[in-house]
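Below, each chain spelled out in residue letters.
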Amino acid sequence: MSWKGGSTRAVIQDLFGIHTHTVMLAATGMHVGKTTLSLGVFKGLEKRYGKGRVAYCKPLGQRFKNISLDDGRVVKVDPDVEVLRNYFKLNLSWEHMSPVVFPSGFTRKVIDGEIHTAELLHKIKDAFTSLATSSDFTLVEGSGHMGVGSIVNLNNAQVAGALGLDVVIIAPGGLGSSFDQLALNKSLLEKHGARLRGVIVNKVQPEKFDMVKDYYGRVLSSLWDTPLLGCIPYYEAISKPSMIGFAQLLNSNLVAGEESKHRTFESTRVVLSETDETIHDPVESQLIVTHASRSDVIESIIKNHKNMFISSKGSRDLRGGLVLVGADPPKSHQLRELDECKVPTLWVEKGHAGLGMTILVEGGADVM
C-alpha cells in the first residue's frame, strides 16, 4: 500500500470507510509494568469485543527471539509478542504483530544507510492496517519510553503520530519524579502530533495510595486536562516470578504440580552438597534447585509437604517448588507423589537451560 500524507488511521478511514478503534499503551521507561498491564487490558478488551476480535501489535522491539514459521522461514519477534500471542491463543501474523525489531548491529546499519527508516515505517503501517481492518480493536504496545528508537529516527512517539494513535502512558508510583518523567514523554508525543489520552500510575506504595491518586489526578486535570485512568498499588507478590515464568526462563516444562504453576516463592535454594543435613528441614515457600538424581532431596520435599498437610489437617500448604536438572528425568513414582502434593516441578534437561539457569542462580539463591 502507498502511504502519502496523513496518518494511517485517516488513510484507512478514507480508503476503506473503517473507523479504527485503537490505542497505544506506552510507558515513561522500562520496568514500569507496561507488558503486565497490556495483558490485563487485552483481557478486558476481549471481554468487551469478543475472542478473536481484538488484535495486538508491538511495532518496535528492543529484544527478539527467532520464530520458525510453517513455510520454513524464521522471523525475529519481540518476546512480549510471543507471550501475549500464545497466552491468548491468537491467530495473527507474527510479522504483523512484531513488524520491526532492533537486533545487534541494527543501529549501525541504519546509520550506514544499509537499512532505511522510511521502509521500516512502511512495514509498521502495513502491519497496523492489516490488523486494524480485520478486528474491532487494536492494542498497540510501545517499547520502553517514548524516545526509544530515536537514534534511527523511528521512536515510539513518531510511530504513534504516523499511525494517528491516542496514547495512554503508564508512569511509576510517586509524585514529583514520576510526573517529571511523564512530562518529558508527553512533550515528545506532542512534537510528533500524537495525543496523550490518559495516564495510569502503577506500583504505588499502598500507604501512599490515596494521596498519590488524589494529587496526581488533580494536577493532570488542572495542567493538561488529562484524566488519571488508573492508580495501581504495588504488591510484592506480583513482582515475583511464578513457576510458569521459571519454565519459560529455563526452556522447560512442568512435569508435576501443574495446578500450582502460578505459585511464587519467598526464597530460592540451590542444593549441591550431600553432607548438609539442613536440606531436609521444611522451609515454607521455598524453591529448591538440585540435580535430578538427588532422590534424598526429592523424598524430603515430598515428606515435608505431606507432614504439613497432615499436621494442619489440610489447612496449610508448605507451598514449595522444585527445579530438577540432569540428563535423565526424575523417577515416575516421585513425580506422581510430587503431583499429589501439588509441588510444581520442572525438569531441565542438561544443556537446555542456557542463560536462564545462570539468571536463576545469580538472582539471590542460597547455594548449599
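None of the values given here were measured: they were computed from a predicted structure.

Asks: So what exactly am I meant to see when it comes to the overall build of the protein chain here?
Replies: Counting its secondary structure elements, the protein chain contains 14 helices and 16 strands. Structurally, the protein chain occupies a C-alpha span of about 70 × 55 × 40 Å along its principal axes. Burial statistics for the protein chain: of 368 residues in total, 48% are counted as buried. Expressed as a percentage of contacts within the protein chain between residues at least 6 apart in sequence, the contacts between residues at least 24 apart total 69%. By element, 52% of the accessible surface of the protein chain is carried by carbon and sulfur atoms, the whole surface being about 18,700 Å². Between the averaged position of the 41 positive side-chain charges in the protein chain and that of its 40 negative side-chain charges there is a distance of 5 Å.

Asks: What is the right way to read the domain arrangement of the protein chain from this model?
Replies: How big an interface is tends to be reported as the loss of accessible area on association of its parts. When its domains are assigned, the protein chain resolves into domain 1 (8–238) and domain 2 (243–363). Measuring from the centre of the C-alpha atoms in domain 1 to the corresponding centre in domain 2 gives 37 Å.

Asks: Looking at this structure, how should I read the sheet that holds strand β8 (residues 166–172)?
Replies: Backbone hydrogen bonds hold the strands of a sheet together, and the pairing may be parallel or antiparallel. Ordered in space as β2-β7-β1-β8-β9-β10, the six strands form an open sheet in which the pairing is parallel. Edge positions in the open sheet fall to β2 (54–57) and β10 (228–233), since each of these has one partner strand only. Neighbouring strand axes in the sheet, compared pairwise and without regard to direction, differ in orientation by 20° on average. Pairing between strand β1 (residues 22–27) and β8: four bridges, direction parallel.

Asks: Quick question: what am I supposed to make of the side chain of N202 here?
Replies: You can see N202 is positioned in strand β9 (residues 195–204). Looking at N202, the relative accessible area reads 8%, which means it is buried. Among residues more than four places away in sequence, those in contact with N202 are V32, G33, L37, I170, A171, P172, G173 and I232.

Asks: How should I be thinking about the pattern of salt bridges in this particular structure?
Replies: Oppositely charged side chains are able to pair whenever their charged atoms sit close together. Considering all chains together, one arrives at 20 salt bridges under this definition. Measuring nitrogen to oxygen at the nearest pair gives 2.2 Å for the salt bridge that ties K186 to E190. Separated by four residues within a single helix, K186 and E190 lie in helix α8 (residues 176–191), roughly one turn from each other. Overall, K186 belongs to the buried group, its relative accessible area being 12%. A salt bridge links K261 to E258, with the nearest nitrogen and oxygen atoms 3.5 Å apart. Looking at K261, the relative accessible area reads 27%, which means it is partly exposed.

Asks: I would appreciate a short explanation of the nonpolar core in the present structure.
Replies: Most often, soluble globular proteins have nonpolar side chains that are buried together. With 37 residues, the main nonpolar core has M24, V167, I169, L189 and Y216 as its most contacted residues. When contributions to this core are tallied by element, the ones reaching two or more residues are β1, α5 (106–111), α6 (117–132), α7 (156–163), β8, α8, β9 and α9 (209–224). Ignoring anything within four residues of it in the chain, the contact list for M24 reads V140, G142, M146, N156, V159, A160, L165, D166, V167 and V168. Of all hydrophobic cores here, the second largest spans 28 residues; its members include V23, L69, L90 and M97.

Asks: I would appreciate a short explanation of the layout of surface pockets in the present structure.
Replies: Summary: where empty space remains is shown by rolling a probe the size of a single water molecule over the atoms. Volume-wise, the second largest pocket comes out at about 360 Å³. Taken together, 17 residues form the lining of the second largest pocket, with T22, V23, F137, V168 and R197 sitting closest to its centre. Taken together, the elements giving at least two residues each to the lining of the second largest pocket come down to β1, α2 (34–49), β7 (137–141), β8 and β9. The dominant element in the lining of the second largest pocket, judged by the number of residues it contributes, is α2, at four residues. Partitioning the lining of the second largest pocket into residue classes produces 10 nonpolar, three polar and four charged.

Scoring rules and cut-offs
- Residues numbered from 1 in each chain as written.
- Predicted model: local features only at pLDDT ≥ 70, side-chain atom pairs only at ≥ 80, totals over all residues.
- Heavy atoms only, no water.
- Helix = DSSP H or I, 4+ residues; strand = E, 2+ residues; numbered from the N terminus.
- Buried < 20%, exposed > 50% of the residue type's maximum accessible area, 1.4 Å probe, protein only.
- Contact = heavy atoms within 4.5 Å.
- Areas by Shrake-Rupley, 256 points an atom, 1.4 Å probe, with all protein chains shown as cover.
- Lys, Arg positive; Asp, Glu negative; His and termini not counted.
- Charge placed at Lys NZ, Arg CZ, Asp CG, Glu CD.
- Domains from an automatic or database assignment.
- Pairing = 2+ DSSP bridges.
- Axes fitted to C-alpha atoms, helices over the stretch in contact; angles between N-to-C directions.
- Salt bridge = Lys/Arg side-chain N within 4 Å of Asp/Glu carboxyl O.
- Core = buried A, V, L, I, M, F, W, Y, C linked by side-chain atoms within 4.5 Å.
- 1 Å grid on protein atoms, 1.4 Å probe; cavity = no way out; pocket = protein on both sides within 12 Å on 5 of 7 lines; lining within 4 Å.
- Points joined across faces, edges and corners; volume = space filled by probe spheres on them.
- Nonpolar A, V, L, I, M, F, W, Y, C, P; charged D, E, K, R; others polar.

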